[in-house]
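Per-entry structural report
Okay, here's what each chain looks like letter by letter:
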Amino acid sequence: MPVSSSENARPLRLALFDCDGTLVDSQFAIIDAMTTAWAAHGLGEPDPLEVRRMVGLPLVQAVSQLLPHLDTDRHVAVAESYKDAFAALRHRGDLHEPLFPGLRDTLDALEAEGVLLGVATGKSRRGLDAVLAHHGLTERFVTLQTSDIGPGKPHPDMVYRALAETGVEAARTVVIGDTTYDIQMARNARVASVGVSWGYHAVAELEAAGADRIVHRGRAVAGAVLDLLHR
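Our subject in this report is the structure included herewith. Note that the structure is predicted; figures quoted are calculated from it, not measured. (Residues numbered from 1 in each chain as written. Predicted model: local features only at pLDDT ≥ 70, side-chain atom pairs only at ≥ 80, totals over all residues. Heavy atoms only, no water.)

Digging into helix 4 (residues 72–92)
Selection criterion: Put simply, DSSP marks the helices as runs of H or I at least four residues long and the strands as runs of E at least two long, and each gets a number from the N terminus on. The span one expects for a helix is its residue count, reduced by one, times 1.5 Å. Note on classification: 1.4 Å probe, protein chains only; a residue is buried when its accessible area is under 20% of the maximum for its type, exposed when over 50%, partly exposed between these limits. Arc definition: it is the arc formed by the directions from the helix axis to the C-beta atoms. Only heavy atoms enter the contact rule, under which two residues are in contact if any of them lie within 4.5 Å. Any N or O atom pair separated by 3.5 Å or less is treated as a polar contact, with the protein-specific requirement of one donor-capable and one acceptor-capable atom, and with residues adjacent in sequence counted only for side-chain atom pairs.
Over its 21 residues, helix 4 extends 30 Å from the first C-alpha to the last, a length consistent with the 30 Å expected when each residue adds 1.5 Å. For helix 4, every residue scored as buried is listed here: H75, V78, A79, S81, Y82, A85, F86 and L89. The arc that holds every buried residue of helix 4, seen down its axis, measures 160 degrees, which confines them to one face. In helix 4, the exposed residues that point more than 90 degrees away from the buried face are D73, D84 and H91. Contact partners of the buried residues in helix 4: helix 1 (27–40) and helix 3 (59–66). Taking the backbone nitrogen of D73 as reference, a side-chain oxygen 3.3 Å away marks D71 as the first, capping residue of helix 4. One or two steps after helix 4, the chain reaches G93, where phi turns positive at roughly 80 degrees.

A short note on the pattern of salt bridges
Put simply, the test is: Salt bridges are counted wherever a side-chain nitrogen of Lys or Arg sits within 4 Å of a carboxyl oxygen of Asp or Glu.
Going through the model one piece at a time under the given rule, you end up with 14 salt bridges. Between K153 and D18 there is a salt bridge whose closest N-O contact spans 2.8 Å. Of this pair, K153 sits in the loop between strand 3 (143–146) and helix 7 (157–166) while D18 sits in the loop between strand 1 (14–17) and helix 1, and the two are 135 residues apart along the sequence. D18 matches K153 in its accessibility class, with the two residues each being buried. Its salt-bridge partner being E205, residue R53 comes within 2.7 Å of it at the nearest N-O pair. Pair noted here: R53 is in helix 2 (residues 48–54) and E205 is in helix 9 (residues 203–209), with a separation of 152 residues, a long-range link. The class for R53 is partly exposed, based on a relative accessible area of 27%. In the salt-bridge network here, residues are joined through shared partners; they are D20, R90, E97 and K123.

Topic: the nonpolar core
Cut-off, in case you're wondering: Nonpolar core, defined: a set of buried Ala, Val, Leu, Ile, Met, Phe, Trp, Tyr and Cys residues in which side-chain atoms within 4.5 Å join the residues together.
Grouped together as the largest cluster of nonpolar side chains are 33 residues, with contacts concentrated most on F17, L110, F141, I176 and V225. Where this core is concerned, the elements lending two or more residues are strand 1, helix 5 (103–112), strand 2 (116–121), helix 6 (125–134), strand 4 (173–177), strand 5 (192–196) and helix 10 (220–229). Considering each element in turn, this core owes the most residues, 7 residues, to helix 10. Counting residues in each nonpolar core, the second largest holds 25 residues, with V51, M54, A62 and A79 among its members.

None of the figures reported here should be taken as evidence of function without further support.
Given below as structure tokens:
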């Protein structure tokens, strides 16, 4: 149900964050789980740099790009092994997905300005729920979009679902992400975008993909988002 807004209130605005590489640094856990999955299927070890580049895509799609010589059934099997390995890390208490510095301040600043917060991620809903709960952020976000229930990035579906759930117009929405998949998703949905430099794709790639702003510090995200919303 769309978030309500009185006639005299400021129009609803939405900041839609990516999770892995934008809110939290999950690269080491992802590489660890992918390495375990590769070993389970006798595939040796994946290239960590290539794994990083796939973060943000739906899991089976990421695996298919990392292992193009395998068929779809093998891609699905490796993806399932990855999910098992990731769950095992969480169960053992070995899963480390720290919040990037300054991001909590940014969330505070945006909420203080009345901006709604959401997430659009290639992470599973179970994984997203777990990481938000771990950081005490679950109640901060009014819409949570994952690729479990529809097309993943760079398809605009997750943005469209977030807009439908919140009642926010595309012109009053900004996507924040660290990969070209985030920026392309935003462009496909005709919303503004902020690229962050601390994630898994290079700044030059984010600029080439069409990011409206690039920021280099977590606290700077709020200012960039508000600037785009005030255009």
